[in-house]
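# Coordinates in review
Listed here are the chains, written in short residue letters.
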Amino acid sequence: MAIIVRSKFDYGQVVYIKTDINQDPRQIIGIQGTADGGMLLKLTIDGDISWHYECEISEDKDVVLAMSN
């Protein structure tokens, strides 16, 4: 049996975490399916790695949030 995971993001794509006040760019380096049918994306920045749900990230930088810092 094969499992297909579909994401609106691609491996290697640069994304931003919606709640990151600095709006630092991160790169997608992995995707993991979860037991409840969800999906987590593995992001990296300067060697640090974090996992996020698809709804937490955006292709576009939130310049308003970054400027309010």
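The structure under discussion appears in the preceding block.
Now for a look at the structure at hand.

Definitions and limits used
- Throughout, a residue's number is its position along its own chain's written sequence, starting from 1.
- Restriction of local features to residues with pLDDT of at least 70 applies here, the model being predicted, together with a cutoff of 80 or more for giving and counting side-chain atom pairs; totals for whole chains, interfaces and linings are based on all residues.
- Computation of side-chain values: all heavy atoms of the structure, hydrogens and water removed.
- Being paired, for any two strands, means DSSP has found at least two bridges between them.
- Helix and strand assignments come from DSSP, with helices taken as H or I runs of at least 4 residues and strands as E runs of at least 2, each series counted from the N terminus.

## Things to note about the pairing of strand 4 (residues 48-53)
The sheet contact formed by strand 3 (residues 39-45) and strand 4 spans six bridges and is antiparallel. Bridge pairing in strand 4 places Leu43 opposite Ser50. Turn length for the strand 3-strand 4 hairpin, with the two strands adjacent in sequence and antiparallel, is two residues, and the turn residue Asp46 shows positive phi of about 50 degrees.

## Comments concerning the pairing of strand 2 (residues 26-33)
Where strand 1 (residues 14-17) and strand 2 come together, two bridges link them in antiparallel fashion. The residue of strand 2 that forms the bridge with Val15 is Arg26. Relative to strand 3, strand 2 runs antiparallel, the two being bridged by six bridges. Across the sheet, residue Gly33 finds its bridge partner in strand 3, namely Met39. Connecting strand 2 to the antiparallel partner strand 3 that follows it, the hairpin turn spans five residues, and Gly37 within it adopts a positive phi of roughly 90 degrees.

Keep in mind these values describe shape, not function.
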